[in-house]
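Chain by chain, the residues run as shown.
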Amino acid sequence: MGLAEFERKKDEKINGVIYDMSPTPEFKHGIINSNIHGGIKHSLKNSLCLVFMENLDFKYHPDVNDDYVCPDIMIVCDRKYLKGSFYSGIPKLIVETLSPSTAKRDRTEKKDIYEQAGVEEYWIVSPQGAVEIYYLENGKYILEQNYILQSNEEEEDYNVDLEISLREFPHIKMTLGEIFEGID
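Attention here is on the structure that accompanies the text. (Residues numbered from 1 in each chain as written. Predicted model: local features only at pLDDT ≥ 70, side-chain atom pairs only at ≥ 80, totals over all residues. Heavy atoms only, no water.)

Here we look at the overall build of the protein chain
Item 1. Tallying secondary structure elements over the protein chain gives 5 helices and 13 strands in all.
Item 2. For 184 residues, the compact-globule estimate of 2.2 N^0.38 gives 16 Å, and the C-alpha radius of gyration of the protein chain, at 17 Å, lies within 12% of that figure.
Item 3. Its C-alpha atoms put the protein chain at 50 × 45 × 35 Å along the principal axes.
Item 4. The burial tally for the protein chain puts 43% of its 184 residues in the buried class.
Item 5. Contacts in the protein chain between residues far apart in sequence, at least 24 positions, make up 53% of those at least 6 positions apart.
Item 6. Summed over its atoms, the accessible surface of the protein chain is roughly 10300 Å², and 49% of this surface lies on carbon and sulfur atoms.
Item 7. Considering the protein chain, the positive charge centre built from 20 side chains and the negative charge centre built from 34 side chains are found 8 Å apart. (Helix = DSSP H or I, 4+ residues; strand = E, 2+ residues; numbered from the N terminus. Rg over C-alpha atoms; globule rule 2.2 N^0.38 Å. Buried < 20%, exposed > 50% of the residue type's maximum accessible area, 1.4 Å probe, protein only. Contact = heavy atoms within 4.5 Å. Areas by Shrake-Rupley, 256 points an atom, 1.4 Å probe, with all protein chains shown as cover. Lys, Arg positive; Asp, Glu negative; His and termini not counted. Charge placed at Lys NZ, Arg CZ, Asp CG, Glu CD.)

Regarding the state of the cysteines
Item 1. Under the defined criterion, the tally for this structure stands at 1 disulfide.
Item 2. At a sulfur-sulfur separation of 1.9 Å, the disulfide partner of Cys49 is Cys77. Since a negative S-S torsion denotes a left-handed disulfide, the Cys49-Cys77 link at about 105° is right-handed. Taken as a pair, Cys49 in the loop between α2 (27-43) and β3 (50-53) and Cys77 in the loop between β5 (73-76) and β6 (82-83) lie far apart in primary sequence, 28 residues in all. (Disulfide = S-S within 2.5 Å.)

So, the pattern of salt bridges
Item 1. Enumeration over the complete set of coordinates arrives at 10 salt bridges.
Item 2. Residue Asp106 pairs with Lys110 through a salt bridge whose shortest N-O separation is 3.5 Å. When sorted by exposure, Asp106 lands in the same class as Lys110, which is buried.
Item 3. Three or more residues are tied together by salt bridges with common partners; here these are Glu12, Glu96, Arg105, Asp106 and Lys110. (Salt bridge = Lys/Arg side-chain N within 4 Å of Asp/Glu carboxyl O.)

Here's the deal with the pairing of strand β2 (residues 17-20)
Item 1. Inspection of the sheet shows strand β1 (residues 11-14) paired to β2 by 4 bridges, in the antiparallel sense. Residue pairing for β2: Glu12 is matched across the bridge by Tyr19.
Item 2. Taking the residues between adjacent antiparallel strands as the criterion, β1 and β2 are bridged by 2 residues, where Asn15 takes a positive phi near 50°. (Pairing = 2+ DSSP bridges.)

Overview of the sheet that holds strand β7 (residues 86-87)
Item 1. Ordered by their spatial adjacency, 3 strands build an open sheet running β4-β7-β6, and the pairing between neighbours is mixed. With partners counted over all chains shown, the strands left at the sheet margins are β4 (57-58) and β6, one partner each.
Item 2. Both β4 and β7 contribute to a ladder of 2 bridges, which runs parallel. Pairing of Phe58 across the sheet is with Tyr87, part of β7.

A few points about the sheet that holds β3
Item 1. Strands sit in the order β3-β5-β8-β9-β10-β11 across an open sheet of 6 strands; the sheet is mixed. One side of each edge strand has no neighbouring strand; the edge strands of this open sheet are β3 and β11 (140-148). Pairwise comparison of adjacent strand axes, ignoring direction, gives a mean angle of 15° for this sheet.
Item 2. Here β5 pairs with strand β8 (residues 93-97) via 3 bridges, running antiparallel. Across the sheet, residue Met74 finds its bridge partner in β8, namely Ile94. (Axes fitted to C-alpha atoms, helices over the stretch in contact; angles between N-to-C directions.)

Comments concerning a negative patch on the surface
Item 1. A surface patch of negative charge is lined by Glu153, Glu154, Glu155, Glu156, Asp157, Asp161, Glu163, Glu178 and Glu181.
Item 2. For Asp161, the location among the structural elements is in the loop between β11 and β12 (163-165). (Patch = residues over 30% accessible without salt bridge, like charges linked within 9 Å, V, L, I, M, F, W, Y side chains within 5 Å.)

Shown next as structure tokens:
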């Protein structure tokens, strides 16, 4: 058997439909996720909370069905809901980095799933340099912040040093430059 046969197939099951997450997104997707994960992981040290990157399924209706999604980044704090390769509690933050094959689902179905599950903060990050931050307000997502990276120092709206903090974890801060470091 080849190595590929032993690898876990990455997929998601939404409303009973299985979506194949292959092929792996381009390298910029991984760099951005690694940048965000690294900034959060370091800041959660000595905390009960954990941050996962592309390796933990979120069962968002554990009592109803076996649907699951695999967020790019997910912060979980209630460890009693961690079982094997999935989490069935309510994540504190979910980040999805867009790729051509998942962009529509990240902006529609998955956004609705996270909203209905009660995820307080949801980020949609584009490898082209955009960050949309949604906060849950009265059960609905509100687009609270929307940034487009401007890395040219000569431009008036240069914002590489603009700092973003997580709402529930205000001590966790990262700049737009840190989020997109290494993608060019």
